[in-house]
Amino acid sequence: PTPLPPPPHSRSRTMLRRLRVFARMAKKKGGGKGKKAAKVDASGEIGPLKMDCFQLMAAQEAPQALPDEEYPEWVWKLAEPRKTITELELNFDNLNMEEVTQYIRFKRREQLRDKNAESLRF
């Protein structure tokens, strides 16, 4: 008889174990301590933020963050929290198109979850 494949959750547990070991190793080497996000020079002015996590190639220099004024306005809207489904339901008559689309997506997900939960019942 052929051995059964491992259950799908065992892979995620293995990955989680590896991440924990990696985190412990990083703390031992001093990598767990917080790093400063930006350098401050003698005049007290904050220098550009170095974004090492976006460095894709070893030969290239890491990109520098731009001043806030150089980014388009929509970038700052990404950080704002979205309205919840109850907030959307309370003001349903006064929603703009983007909020109506968000409400429809919430409802579709809710229906899909209910349908999947129903199919799991015996």
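The residue numbering used here restarts from 1 in each chain and proceeds along that chain's sequence as written. Local features in this predicted model are restricted to residues whose pLDDT is 70 or higher, and side-chain atom pairs enter the listing and the counts only when it is 80 or higher, whereas totals over whole chains, interfaces and linings include all residues. Hydrogens and waters are ignored; side-chain quantities use all the structure's heavy atoms.

1. Examining the overall build of the protein chain
Part 1: Runs of E in the DSSP output that reach at least two residues are strands. Runs of H or I that reach at least four are helices, and both are numbered from the N terminus. Tallying secondary structure elements over the protein chain gives 4 helices and 0 strands in all.
Part 2: For every residue, the accessible area obtained with a 1.4 Å probe (protein chains only) is divided by the maximum for its type, and the residue is called buried under 20%, exposed over 50%, and partly exposed between those limits. In the protein chain, buried positions account for 7% of the 122 residues.
Part 3: Whether two residues touch is decided by their heavy atoms; if any such pair falls within 4.5 Å, the residues are in contact. Pairs at least 24 apart in sequence give 2% of the contacts found in the protein chain among residues at least 6 apart.
Part 4: Surface exposure of the protein chain reaches about 12100 Å², of which carbon and sulfur atoms provide 58%. For every accessible area listed, the method is Shrake-Rupley and the probe measures 1.4 Å; residues are considered covered only by the protein chains on display.

2. A closer look at the side chain of Gln102
Part 1: Note on placement: Gln102 falls in helix 4 (residues 97–120).
Part 2: Once residues within four sequence positions are removed from consideration, Gln102 is found in contact with Arg82, Lys83 and Leu88.

3. Looking at helix 4
Part 1: Over its 24 residues, helix 4 extends 35 Å from the first C-alpha to the last, a length consistent with the 34 Å expected when each residue adds 1.5 Å.
Part 2: Regarding helix 4, the residues found buried are Glu99, Gln102 and Tyr103.
Part 3: Where helix 4 is buried, its residues touch helix 3 (85–90).
Part 4: Polar contacts here mean pairs of N or O atoms no more than 3.5 Å apart (in protein, one a potential hydrogen donor and the other a potential acceptor; neighbouring residues in sequence count only if both atoms are side-chain atoms). For helix 4, the N-terminal cap is Asn96; the gap from its side-chain oxygen to the backbone nitrogen of Glu98 is 3.3 Å. To estimate how far a helix should reach, multiply one less than its number of residues by 1.5 Å.

4. Concerning the packing of aromatic side chains
Part 1: Here a pair means two rings of Phe, Tyr or Trp (six-membered ring of Trp) with centres within 6.5 Å. Their orientation is stacked below 30 degrees between planes, edge-to-face above 60, and tilted elsewhere. In this structure the tally under the stated criterion is 2 aromatic pairs.
Part 2: Plain terms: the ring middles of Tyr71 and Trp76 are 6.0 Å apart, the flat faces sit at 85° to each other, and that makes the pair edge-to-face.
Part 3: You can call Tyr71 partly exposed: its relative accessible area is 28%.

5. A word on the pattern of salt bridges
Part 1: Whenever Lys or Arg places a side-chain nitrogen within 4 Å of a carboxyl oxygen from Asp or Glu, that contact is recorded as a salt bridge. Tallied over the entire structure, the rule returns 3 salt bridges.
Part 2: The residue Glu89 makes a salt bridge to Lys107 at a minimum N-O spacing of 3.3 Å. Within this pair, whereas Glu89 is found in helix 3, its partner Lys107 is found in helix 4, the two being separated by 18 residues in sequence.
Part 3: Residues Glu110 and Lys107 are paired through a salt bridge, measuring 3.2 Å at the closest nitrogen-oxygen approach. Of this pair, Glu110 and Lys107 both sit in helix 4, separated by 3 residues, roughly a single helical turn.

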